[in-house]
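Chain by chain, the residues run as shown.
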Amino acid sequence: MKVRLGGYNIDAKTIRELAGDRYGDMTPEIISASYARISRDPREVSRLREEARKDIEKARKSNTAIVFGLGHSSIAEHAVFNIDVMGISRLAVEAVEQFRLASFTEKSQRYIRLGRDFVVPEEIAKAGLKRDFKGLMKRLTESYKSMYESIRAAGEDDETAKEDARYLMPLATTAQFGMTVNARELEYMISRLASHPLAELREFASKLSSVAGGIAPSLVKYPDPTDYFKAAPAIRVDIRRTAGRAGKSLAGDGPEAILIDVTPDADKRLAASLIFASTSMSHSESMRRAAKLGKRRRAALIASTMEKMKPHDSVWREFENIRLLYEVTVSSSCFAQLKRHRMATIISQDYLPSLGISIPDSVRKAGKVKLLREAAELSGRVYRKIGSRAENARDYPLLNAHRRRVLFDINLRELYHFSRMRCDIHAQWEIRRLADLMCAMAEDKIPSGSVLLCGKDSFDRRKKDLFG
Ligand SMILES: Cc1cc2nc3c(=O)[nH]c(=O)nc-3n(C[C@H](O)[C@H](O)[C@H](O)COP(=O)(O)OP(=O)(O)OC[C@H]3O[C@@H](n4cnc5c(N)ncnc54)[C@H](O)[C@@H]3O)c2cc1C
């Protein structure tokens with residue numbers, strides 16, 4: 001066996017400094033081209049890479065033929081980019097982080113300074129609402145400062161005060177993040193966002209295209225908007241018309257969850273999957289054996305897979321056969337965290353001010369609920385005004401406290417991971433409350449399969465309760 005390093009990512013400045021005149025040749029297309037030819041060329045991959053290195057144009061032609069001619073698109077996944085993004089709104093970040101095959105690390109909202117750090121969207125300027133919008137930003141900045149000071153004065157630490165005062169921040173607030181993405185996902189991202197109704201996202205797509213397209217033209221070849229992607233907003237309008245008017249929504253002030261659907265007989269199904277993977281039985285035979293075991297032995301069989309588990313270990317892959325579909329209502333602040341779980345299917349509605357706002361306990365304790373409600377009311381007014389002239393951009397003035405409904409479709413294995421991170425003492429209060437609700441519902445329907453759903457902080461105690 002031989003294991004050799006084919007390549008790895010280093011920062012662009014170092015590459016530029018070291019490459020000098022040959023900077024144009026420093027492309028991840030070399031890696032893709034050599035891997036692309038592995039399947040058809042008898043030579044060792046290092047020889048193929050050497051050839052690609054010597055003749056980059058030939059390597060590009062070969063990539064184009066294999067990726068786009070033959071449709072062997074996974075070749076483009078071997079080229080990876082690290083992209084710094086600054087000055088993009090929180091609203092736009094939500095659309096970017098929908099791309100599940102990329103990796104993101106964001107600057108925490110705790111460290112954003114409200115006052116300077118917000119975008120003025122093109123649509124709002126064109127609609128003649130720049131003054132209203134900037135006026136709102138000014139008011140929110142003042143309210144944010146007052147909220148932060150009141151929470152501190154009520155005895156909370158700096159971190160909690162920053163974290164909870166941010167419920168007053170609008171979706172126009174800018175964010176900063178690092179993104180690592182392969183060329184295949186990047187091309188898809190650019191094409192989708194270039195077709196997006198928001199000007200900010202189209203600008204982002206065009207900038208992405210120029211930073212990556214120049215380096216790997218053979219792999220990011222079709223970044224253009226498509227009629228298929230562009231048609232989506234109009235189709236949604238038709239769906240709305242077909243469905244008719246929505247009923248009245250009830251306003252709440254914290255996270256809510258409903259378990260809409262769960263794999264029937266989930267414990268039995270889970271035991272059957274474990275039997276299936278460990279024996280030569282068909283699935284139907286595994287189901288019969290799992291049913292025959294009875295509740296107690298089934299629970300023991302499932303628990304046996306967790307006996308050596310540590311807080312950072314995942315449960316076995318068989319847990320992925322159990323699916324749970326939740327409808328959750330969460331604030332934008334909570335959604336910002338929820339959307340980071342890439343192994344789930346997240347379908348979200350637009351923000352709906354009539355769903356109310358999430359109110360942190362520290363804001364209640366500081367006696368500042370009225371301040372938060374007034375800010376939400378003010379931002380709701382600007383939202384409605386923008387909605388009447390530039391509907392696509394109406395969400396920018398909404399606050400982190402405003403709420404939306406989300407369908408969160410997750411398998412039991414990922415729910416374990418979610419619970420470790422989000423039921424934990426270090427998790428932010430709203431997502432922690434949500435995760436606790438979701439886990440309690442899972443425990444009710446899947447008692448044996450959910451025995452160790454908990455945060456990292458309570459893992460040892462729960463495990464001791466289970467195994468003694
Ligand atoms: C207390 C706390 C503070 C946080 N602070 C910040 C912060 O300041 N900034 C910030 O950006 N984020 C922050 N996060 C979010 C965090 O970094 C994760 O992005 C988020 O919790 C999603 O979890 P995950 O990345 O483990 O994976 P998920 O997307 O939920 O995926 C589940 C699992 O699949 C695997 N997986 C998924 N994708 C990949 C991949 N591409 N490569 C390899 N394995 C993969 C991993 O095993 C992962 O654990 C914070 C989270 C917590 C709990």
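None of the values given here were measured: they were computed from a predicted structure.

K.L.:
Would you explain the site of the ligand in this entry?
P.N.:
As a structural note, the neighbourhood of the ligand is formed by 13 residues, with E106, H341, R342, E414 and H417 the closest of them. R340 places a polar side-chain atom, nitrogen or oxygen, 2.9 Å from an oxygen atom of the ligand. H417 places a polar side-chain atom, nitrogen or oxygen, 2.8 Å from an oxygen atom of the ligand. Summarising the interface, the protein chains cover 57% of the accessible area of the ligand, which totals 940 Å² for the free molecule. Here the shell around the ligand is built from residues that sort into two nonpolar, six polar and five charged.

K.L.:
Whenever I open this one, a nonpolar patch on the surface confuses me. Can you help?
P.N.:
On the surface, I258, I260, I347 and L407 cluster together into a nonpolar patch covering about 340 Å² of accessible area. Relative to the helices and strands, I260 is located in strand β4 (residues 256–262).

K.L.:
What exactly am I supposed to notice about the domain arrangement of the chain here?
P.N.:
Interfaces are often described in size by the accessible area the parts lose on coming together. The domains assigned to the chain are domain 1 (12–78), domain 2 (93–107 + 115–244 + 367–399) and domain 3 (259–328 + 406–467). The C-alpha centroid of domain 3 is placed 43 Å from the C-alpha centroid of domain 1.

K.L.:
I keep staring at the sheet that holds strand β1 (residues 80–89) and nothing clicks. Help me out?
P.N.:
Strands pair in a sheet through their backbones, by hydrogen bonds, and they do so in one of two ways: parallel or antiparallel. If you trace the three strands from one edge of the open sheet to the other, you get β1-β3-β2, paired in antiparallel fashion. Each end of this open sheet is capped by a strand with a single partner; those strands are β1 and β2 (103–106). This sheet shows a mean twist of 20° between the axes of neighbouring strands, independent of strand direction. Bridge count for β2 against strand β3 (residues 174–182) is four bridges, and the pairing is antiparallel. Directly across from S103, in β3, lies its bridge partner T180.

K.L.:
Before we go on, may I ask you to explain unusual backbone geometry in this structure?
P.N.:
Working note: non-glycine residues mostly have negative phi, and peptide bonds are mostly trans. Even without a glycine there, the phi angle at D265 is positive, about 50°. Inspection of the secondary structure assignment puts D265 in the loop between β4 and α13 (266–278).

K.L.:
What should I look at first to understand the packing of helix α9 (residues 183–194) against helix α10 (residues 199–213) in this one?
P.N.:
In helix packing, the relevant descriptors are the interaxial angle and the interaxial distance, both defined with respect to the helix axes. Look at α9 against α10: their axes get within 8 Å of each other, and the N-to-C directions meet at 150°. For the pair α9 and α10, the sense of crossing is left-handed. Across the interface between the two elements, L186, M189, I190, L193 and A194 of α9 pack against L201, R202, F204, A205, L208, S209 and A212 of α10. Its residues assigned to classes, the contact of α9 with α10 comprises ten nonpolar, one polar and one charged.

K.L.:
Just to check I follow, could you spell out the side chain of S195 for this structure?
P.N.:
In this structure, S195 sits in the loop between α9 and α10. Within polar-contact distance, the side chain of S195 engages the backbone oxygen of S191 at 2.7 Å. Ignoring any residue separated from it by four or fewer positions in sequence, one finds S195 in contact with P225, T226, F229 and K230.

K.L.:
Can you help me understand the packing of aromatic side chains in this one?
P.N.:
For any pair of aromatic rings, geometry is given as the distance between the ring centres together with the angle between the planes. Enumeration according to the criterion identifies eight aromatic pairs in this entry. Ring plane angle 70° and centroid distance 6.1 Å describe the contact between Y188 and F229, whose orientation is recorded as edge-to-face. Of the two residues, Y188 is situated in helix α9 and F229 in helix α11 (residues 227–230); the sequence distance between them amounts to 41 residues. Put simply, the rings of F99, Y188, Y228 and F229 touch in pairs and so form one group of aromatic residues. If you follow R16 out to its NZ or CZ, it ends over the ring of Y23, 4.1 Å from the centre. The aromatic ring of Y351 is capped on one face by R404, whose charged end is 3.9 Å from the ring centroid.

K.L.:
What exactly am I supposed to notice about the pairing of β3 here?
P.N.:
Along any regular strand, the residues point their side chains to alternate faces of the sheet. Note that β1 and β3 share nine bridges and pair antiparallel. Note on β3: the bridge partner recorded for S89 is T174.

K.L.:
I would appreciate a short explanation of the pattern of salt bridges in the present structure.
P.N.:
Where charged atoms from two side chains of opposite charge come close, those side chains can pair. Overall, the coordinates contain 37 salt bridges when judged by the stated rule. Residue E320 is joined to R413 by a salt bridge in which the shortest nitrogen-to-oxygen separation is 2.6 Å. Taken together, the residues E320 in the loop between α14 (283–304) and β5 (323–331) and R413 in helix α18 (residues 412–422) connect sequence positions 93 residues apart. Linking R433 and D361 is a salt bridge whose minimum nitrogen-to-oxygen distance equals 2.9 Å. A residue pair is termed long-range when its members are at least 10 positions apart, and R433 in helix α19 (residues 429–445) and D361 in helix α16 (residues 361–365) qualify at 72 residues. A residue is classified by how much of its surface remains accessible, and D361, at 43% relative accessible area, is partly exposed. Ionic contacts of the salt-bridge type, sharing partners, join the residues R37, D41, R43, E51 and K58 into one network.

K.L.:
Just to check I follow, could you spell out the sheet that holds β4 for this structure?
P.N.:
Pairing within the open sheet is antiparallel, and its four strands lie in the order β4-β5-β7-β6. One side of each edge strand has no neighbouring strand; the edge strands of this open sheet are β4 and β6 (345–348). Taken pair by pair, the neighbouring strands of this sheet meet at an average axis angle of 20°, ignoring direction. Here four bridges tie β6 to strand β7 (residues 403–411), and the two strands are oriented antiparallel to one another. Paired with S348 across the two strands is V406, which belongs to β7. The strands touched by α18 within the sheet are β5 and β7, with β7 carrying the most contacts at an inclination of about 120°. The strands that α19 touches are β4, β5 and β7; relative to β4, the one it contacts most, it runs at about 35°.

What counts as what
- For every chain, the first residue of its written sequence is number 1, and the numbers climb from 1 along that sequence.
- Selection of residues for local features in this predicted model requires a pLDDT of at least 70, selection of side-chain atom pairs for listing and counting requires 80 or more, and totals for whole chains, interfaces and linings are taken over all residues.
- Side-chain metrics in this entry use all non-hydrogen atoms of the structure; hydrogen atoms and water are not considered.
- Here a residue counts as near a molecule or strand whenever at least one of its heavy atoms sits within 4 Å of it.
- A 3.5 Å cut-off defines polar contacts: any pair of N or O atoms within that distance qualifies, except that in protein one atom must be a possible hydrogen donor and the other a possible acceptor, and neighbouring residues in sequence count only when both atoms are side-chain atoms.
- Here, Shrake-Rupley sampling with a 1.4 Å probe gives the accessible areas, and only protein chains in the shown set may cover a residue.
- Think of it as three bins: nonpolar holds Ala, Val, Leu, Ile, Met, Phe, Trp, Tyr, Cys and Pro, charged holds Asp, Glu, Lys and Arg, and polar takes everything else, Gly as well.
- Residues forming no salt bridge and having over 30% relative accessible area are the ones grouped into patches, like charges within 9 Å of each other and nonpolar side chains (Val, Leu, Ile, Met, Phe, Trp, Tyr) within 5 Å.
- Put simply, a salt bridge is a Lys or Arg side-chain nitrogen that is within 4 Å of an Asp or Glu carboxyl oxygen.
- Here a strand is any run of E in DSSP of at least two residues, a helix any run of H or I of at least four, and the numbering for each starts at the N terminus.
- Domain delimitation follows an automatic or database domain assignment.
- At least two bridges found by DSSP between two strands is the condition for calling them paired.
- Angles run from 0 to 180 degrees between N-to-C directions of axes, and those axes are lines fitted to C-alpha atoms, restricted for helices to the stretch in contact.
- When the near helix sits turned anticlockwise from the far one by under a right angle, the crossing is termed left-handed; a clockwise turn instead gives a right-handed crossing.
- The criterion used for residue contact is that any of the two residues' heavy atoms lie within 4.5 Å.
- Put simply, two rings from Phe, Tyr or Trp (the six-membered ring, in Trp's case) pair if the centres are within 6.5 Å, and we call them stacked under 30 degrees between planes, edge-to-face over 60, tilted for the rest.
- As a reminder, the over-ring test applies to NZ of lysine and CZ of arginine, requiring each to be within 6 Å of the ring centre and within 35 degrees of the ring normal.
- Relative accessibility thresholds used throughout: buried, under 20% of the residue-type maximum; exposed, over 50%; partly exposed, between the two (1.4 Å probe, protein chains only).

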